[in-house]
Amino acid sequence: MAAPVPGWRRMWGRFRRSTPAVIGLAIALVLLFVALFGRVIAPYPGDIAGSVATAVRFRPPSMVHWFGTNELGQDVFSLVLAGARVSLLSGLAVVVLGSLVGTLVGAIAGFIGGLVDEVLMRVTDLMLTLPSLILAMAVAAALGPGIGNMIIAISVSWWPGFARLVRGEVLARREAQFVEAARAVGAGPMRVLLAHILPNIMSAVMVKMSLDMGFAILTVASLGFVGIGVSPPTPEWGAQLAVSRGFLPDDWWTAIFPGLAIVLAVLACNLLGDGLRDMLDPRAQR
Amino acid sequence: MLRFTLRRLVLLVPVLLGLSLIVFGIARLLPGDPVTLAAGPQATRAEIASLSHELGMDRPLPEQYFTYLRGLVVGDWGQSILTRRPVWQDLRVYLPATLELVVAPMGLAIVIGIPAGLLAAVGRDRWPDHLTRSVSLGAISVPRFFLGLLFQLVFAMWLGWLPLGGRFPIIEDPPSFVTGFLVIDSLIARDGTALLLSLQHLALPAITMCLSPLATIMRMMRASTLEVLQQDYVKTARALGLKPGLILFKYVLKNALSSSLTVIGLYVGWLLGGTVLVETVFDWPGIGLYATKAILTQDFMPVMGVTLAIGVIFVLSNLVTDLLYGWINPMARVE
């Protein structure tokens with residue numbers, strides 16, 4: 001056997017071998033930078049704040065306005081940069097919230113078992129049969145506008161997937177030898193669950209989180225597109241696309257660029273997610 | 001097989017009950033008072049109370065649930081507070097439109113996806129494989145509503161080949177309502193013009209909807225074909241000198257299909273909940289658009305009706321998949 005390499009370096013080596021994963025990571029890092037500093041690097045920060053310049057409305061893409069201007073004369077490039085924050089951070093928040101709730105439910109169900117397991121899993125299965133987008137739309141509309149409410153609404157239909165995954169993993173680990181060993185030396189149930197079982201299933205949860213991230217961004221944009229969730233003037237890609245639909249085909253640039261931004265973000269997440277899965281879970285080879 | 005079928009049917013009852021309970025629970029847990037909204041901003045407290053009484057909203061929750069449940073069974077799915085039309089009647093009109101947007105894309109995805117996945121597996125790591133993988137990645141990364149807009153822009157606005165949206169031209173008479181599926185109703189009425197018009201309207205939304213199941217079916221088919229190709233009986237057939245085409249179609253295809261079948265069944269329900277966006281883009285009068293309008297006006301009964309209808313169809317399509325799977329693979333019948 002070769003000399004042991006530190007775990008993370010070996011994983012990085014595995015990750016680096018996949019070109020799509022590295023491309024995904026690169027795009028994701030750029031997008032993350034834009035999400036954090038987009039408002040600072042935008043060429044027309046005033047437009048993000050909502051300033052209107054009707055004299056320059058519907059200008060096609062040029063050196064002055066890379067992505068052209070919209071119906072209010074605002075710079076589309078600046079708005080797309082600013083939109084990255086809502087889309088990416090809400091997508092991340094949905095996945096984090098969904099995984100927290102799902103892990104809690106799944107861990108309780110798998111660890112306690114019996115009637116508790118039965119009830120929790122039946123509810124989880126039923127939630128999975130409901131149409132997630134319509135459910136999210138209904139909850140978001142009832143909670144009222146706002147980014148926080150939108151995140152909660154999407155998470156309502158997001159946790160069951162994690163609950164199923166975590167329950168399965170907990171069941172598989174519950175009788176494992178290292179868990180038996182921990183019990184044998186007198187560890188209580190909470191300690192067994194928190195210190196021995198959960199850390200061992202975190203990589204599976206992380207893989208699902210990264211694979212779900214693209215879909216979460218897509219869902220956020222979808223809610224914006226149907227007019228539920230983030231309300232203008234908060235810049236959001238889906239909402240921008242919905243407004244500019246009305247200006248097709250003549251002023252196509254107002255719609256194309258926010259749409260491409262969504263595609264790029266989702267693509268990056270999918271590539272990255274696949275790479276992370278191969279890295280953290282080498283057994284799941286393609 | 002009969003016992004297997006019966007057991008599955010009996011298991012359906014608690015699932016459907018649970019579904020109705022969950023939908024009812026979510027609707028009641030949400031903030032926002034539908035009665036106040038329906039009564040309008042000028043309503044007095046007495047008017048709100050009388051409307052609330054009329055709608056049965058002042059009863060205790062369990063009683064409300066049982067009233068709701070009894071209604072569901074006899075076809076009374078409540079009524080829209082705003083239009084006062086029964087939800088069941090609306091669903092009867094809008095559901096076929098949405099099912100068209102599920103069945104047509106699913107058909108396209110199966111017809112294209114199964115041969116493409118087979119081809120990708122046979123040509124592993126060569127161009128057919130790379131092509132199908134790129135299409136798959138693209139299909140899951142491009143939002144359906146953006147794809148629909150692009151199709152509209154290119155095929156309807158620039159090229160003018162296909163209509164921009166809607167299900168049927170307003171100025172024409174649609175075929176008389178029999179099933180609610182325009183394509184089928186046109187066939188029943190033997191109306192060639194109506195058939196052509198409805199197919200033209202269906203084309204763009206159907207292609208938009210088909211890409212994501214296409215990607216999944218291709219990937220599943222590729223994976224299961226690769227697995228079957230490794231099996232001993234395929235090796236034996238090869239060793240015996242059978243023609244590759246014969247091996248592929250007679251031995252590989254049939255066995256690889258059964259796992260793709262499961263995905264197809266699961267996908268039907270998923271597609272059904274995902275038509276909302278495509279319906280919005282193409283102004284397609286289905287349950288998605290119906291639900292969106294109801295959600296925006298906080299009209300609860302239609303939203304509950306749509307959610308429940310999709311849930312029930314999802315459960316039923318899983319049942320059919322289960323039964324088909326048990327029929328193909330006898331081992332699945334044993335529990």
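This structure is a prediction, so every number in the text was calculated from the model and none was measured. (Residues numbered from 1 in each chain as written. Chains lettered and ligands numbered in written order. Predicted model: local features only at pLDDT ≥ 70, side-chain atom pairs only at ≥ 80, totals over all residues. Heavy atoms only, no water.)

A. Focus on the overall build of chain A. Of regular secondary structure, chain A possesses 12 helices and zero strands. Its C-alpha atoms give chain A principal-axis dimensions of about 75 × 50 × 30 Å. Counting the 286 residues in chain A, one finds 50% classified as buried. Summarising the internal contacts of chain A: among those between residues at least 6 apart in sequence, 71% fall at separations of at least 24. Just so you have it, chain A exposes about 13100 Å², and 69% of that area is on carbon and sulfur atoms. (Helix = DSSP H or I, 4+ residues; strand = E, 2+ residues; numbered from the N terminus. Buried < 20%, exposed > 50% of the residue type's maximum accessible area, 1.4 Å probe, protein only. Contact = heavy atoms within 4.5 Å. Areas by Shrake-Rupley, 256 points an atom, 1.4 Å probe, with all protein chains shown as cover.)

B. A look at the overall build of chain B. Scanning chain B for helices and strands turns up 14 helices and zero strands. Along its sequence from the N terminus, chain B presents helices and strands in the succession α-α-α-α-α-α-α-α-α-α-α-α-α-α. Overall, the C-alpha framework of chain B stretches about 85 × 55 × 40 Å when taken along its three principal axes. Out of the 335 residues in chain B, the part that is buried amounts to 47%. For chain B, the proportion of contacts with a sequence separation of at least 24, taken over those separated by at least 6, is 75%. Accessible area for chain B stands at about 17000 Å²; split by element, carbon and sulfur atoms hold 68% of it.

C. Seen up close, the interface of chain A and chain B. With 40 residues of chain A in contact, the opposing surface of chain B contributes 40 residues. For the pair chain A and chain B, the summed buried area comes to about 3500 Å², and 83% of that belongs to carbon and sulfur atoms. If you sort the residues of chain A by the area they bury against chain B, L126, T129 and I134 of chain A come out on top, with a joint share of 17%. Where chain A meets chain B, there are zero salt bridges. If you look at where chain A meets chain B, you find four residue pairs in polar contact (both at pLDDT 80 or more). Secondary structure elements with two or more residues in the side of chain A that touches chain B: α5 (114–129), α6 (132–143), α10 (189–225) and α12 (253–280) of chain A. For the side of chain A that touches chain B, the element with the highest residue contribution is α12 of chain A, accounting for 10 residues. Classifying every residue of the side of chain A that touches chain B gives 33 nonpolar, five polar and two charged. (Buried area = accessible area lost by both parts, 1.4 Å probe. Salt bridge = Lys/Arg side-chain N within 4 Å of Asp/Glu carboxyl O. Polar contact = N/O pair within 3.5 Å; in protein donor to acceptor, adjacent residues only side chain to side chain. Nonpolar A, V, L, I, M, F, W, Y, C, P; charged D, E, K, R; others polar.)

D. Summary view of the pattern of salt bridges. Tallied over the full model, the rule gives 15 salt bridges over all chains. Residue D212 of chain A is joined to K208 of chain A by a salt bridge in which the shortest nitrogen-to-oxygen separation is 3.3 Å. With D212 of chain A and K208 of chain A both in helix α10 and four residues apart, this pair spans about one turn of that helix. By relative accessible area, K208 of chain A is classed as partly exposed at 22%. Of the charged contacts in the structure, one is a salt bridge between E100 of chain B and R167 of chain B, with a shortest N-O distance of 3.3 Å. Of the two residues, E100 of chain B sits in helix α5 (residues 87–122) while R167 of chain B sits in the loop between α7 (144–158) and α8 (182–188), which places them 67 residues apart along the sequence. Given a relative accessible area of 6%, E100 of chain B falls into the buried group. Members of the salt-bridge network, linked through shared partners, are E118, R122, D125 and R164 of chain A.

E. The packing of aromatic side chains, seen in detail. Residue and element names in this part refer to chain A. With the rule as written, the count across this model stands at 14 aromatic pairs over all chains. Ring geometry for F33 and F37: centres 5.1 Å apart, planes at 50°, overall tilted. In this pair, F33 and F37 both sit in helix α2 (residues 19–41), four residues apart, roughly one turn of the helix. Residue classification places F37 among the partly exposed residues on the basis of a relative accessible area of 40%. An aromatic cluster of three or more residues is present, and its members are W66, F67, F77 and F257. It is K208 that lies over the ring of F162; its NZ or CZ is 5.2 Å from the centre. (Phe/Tyr/Trp six-rings, centres within 6.5 Å; stacked < 30°, edge-to-face > 60°. Lys NZ or Arg CZ within 6 Å of the ring centre and 35° of its normal.)

F. Region of interest: the packing of helix α10 (residues 232–239) of chain B against helix α11 (residues 244–273) of chain B. All names here are of chain B. Contact pair α10 / α11: the axes reach a minimum separation of 11 Å and the direction vectors enclose 180°. As far as their axial angle goes, α11 and α10 are roughly antiparallel. Of the residues in α11, those touching α10 at Y233, V234, A237 and R238 are I247, Y251, V252 and N255. Across the contact of α10 with α11, the residue classes break down as six nonpolar, one polar and one charged. (Axes fitted to C-alpha atoms, helices over the stretch in contact; angles between N-to-C directions. Parallel < 35°, antiparallel > 145°, perpendicular 65-115°, else oblique.)

Keep in mind that these numbers describe shape and distance, not what the molecule does.
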